[in-house]
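One letter stands for each residue in the lines below.
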Amino acid sequence: MTLHPTFVIGPTLTKYKTSNVEGFRKLVTGEIPAVPELQLLSVDVRDVAQAHINCLLAEPMSLHRERIALCQKEYQFIEQMNIIREHFYDKGLTTVPTK
C-alpha cells in the first residue's frame, strides 16, 4: 500500500524552516508582494498521520497493492491568504497580500 498526500498543510513539529513554511512566511510578511493564481489540493498533516496509523492497523494484505490519494480540500491560494489574514490580523500580521 502506498499513500499519496497532496500539498500537506498544518503545524510543524520542528523549529526548522521547511520550504512550505518558508514560502508561506514570505507571502504573509509581504516579502512576496502578490499571491499567485493557483489552486492547491491540500490535506492536513494530522490527517496524513492518521491515515498512516489506519494502514498499520488494517488487516494484513487487505490493502495490498492499493494506492490511496489523500486530499481534504481544494483551495485557491488567495483563499489560504484570506484565512491567514482572518486568524492573525489581530496579532499584528497586517501585510498579507490581497491580490
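Criteria and thresholds
Residues numbered from 1 in each chain as written. Predicted model: local features only at pLDDT ≥ 70, side-chain atom pairs only at ≥ 80, totals over all residues. Heavy atoms only, no water. Helix = DSSP H or I, 4+ residues; strand = E, 2+ residues; numbered from the N terminus. Expected span 1.5 Å × (residues − 1). Buried < 20%, exposed > 50% of the residue type's maximum accessible area, 1.4 Å probe, protein only. Arc of directions from axis to C-beta. Pairing = 2+ DSSP bridges. Axes fitted to C-alpha atoms, helices over the stretch in contact; angles between N-to-C directions. Contact = heavy atoms within 4.5 Å. 1 Å grid on protein atoms, 1.4 Å probe; cavity = no way out; pocket = protein on both sides within 12 Å on 5 of 7 lines; lining within 4 Å. Points joined across faces, edges and corners; volume = space filled by probe spheres on them. Nonpolar A, V, L, I, M, F, W, Y, C, P; charged D, E, K, R; others polar.

Draft legend 1. A look at helix α3 (residues 77-88). In this model, α3 (twelve residues) spans 17 Å end to end at C-alpha, consistent with the 16 Å of a helix rising 1.5 Å per residue. What α3 keeps buried is the set Phe77, Gln80, Met81, Ile84 and Arg85. All buried residues of α3 project into a common sector of 140 degrees when viewed along the axis, lining one side.

Draft legend 2. Spatial organisation of the sheet that holds strand β5 (residues 73-76). As summarised here, the arrangement of the three strands in space is β2-β3-β5, forming an open sheet in which the pairing is mixed. Each of the sheet's edge strands pairs with one partner strand only, and the pair in question is β2 (7-9) and β5. Each strand of the sheet is rotated relative to its neighbour by a mean of 50 degrees, with strand direction disregarded. When strand β3 (residues 39-44) meets β5, the two strands line up antiparallel, connected through four bridges.

Draft legend 3. Structural view of the side chain of Ser42. Structurally, the position occupied by Ser42 is in strand β3. By relative accessible area, Ser42 is classed as buried at 1%. Not counting residues within four places of it along the chain, the set of residues in contact with Ser42 comprises Thr6, Phe7, Ile9, Cys71, Gln72, Lys73, Tyr75 and Gln80.

Draft legend 4. Spatial organisation of the layout of surface pockets. Counted as a void, the largest pocket has a volume near 690 Å³. Ile9, Gly10, Pro11, Phe24 and Ile84 are, among the 23 residues lining the largest pocket, the residues nearest its centre. Contributions of two or more residues to the lining of the largest pocket are made by β2, α1 (19-29), α2 (45-57) and α3. Grouping the constituent residues of the lining of the largest pocket by class yields 13 nonpolar, seven polar and three charged.

Draft legend 5. Fine view of unusual backbone geometry. You will see that Met61, though not glycine, has its phi angle at about 70 degrees, which is positive. With respect to the helices, strands and loops of the structure, Met61 is situated in the loop between α2 and β4 (67-70). Backbone geometry places Arg65, a non-glycine residue, at a positive phi of 65 degrees. Position of Arg65 relative to the elements: it lies in the loop between α2 and β4.

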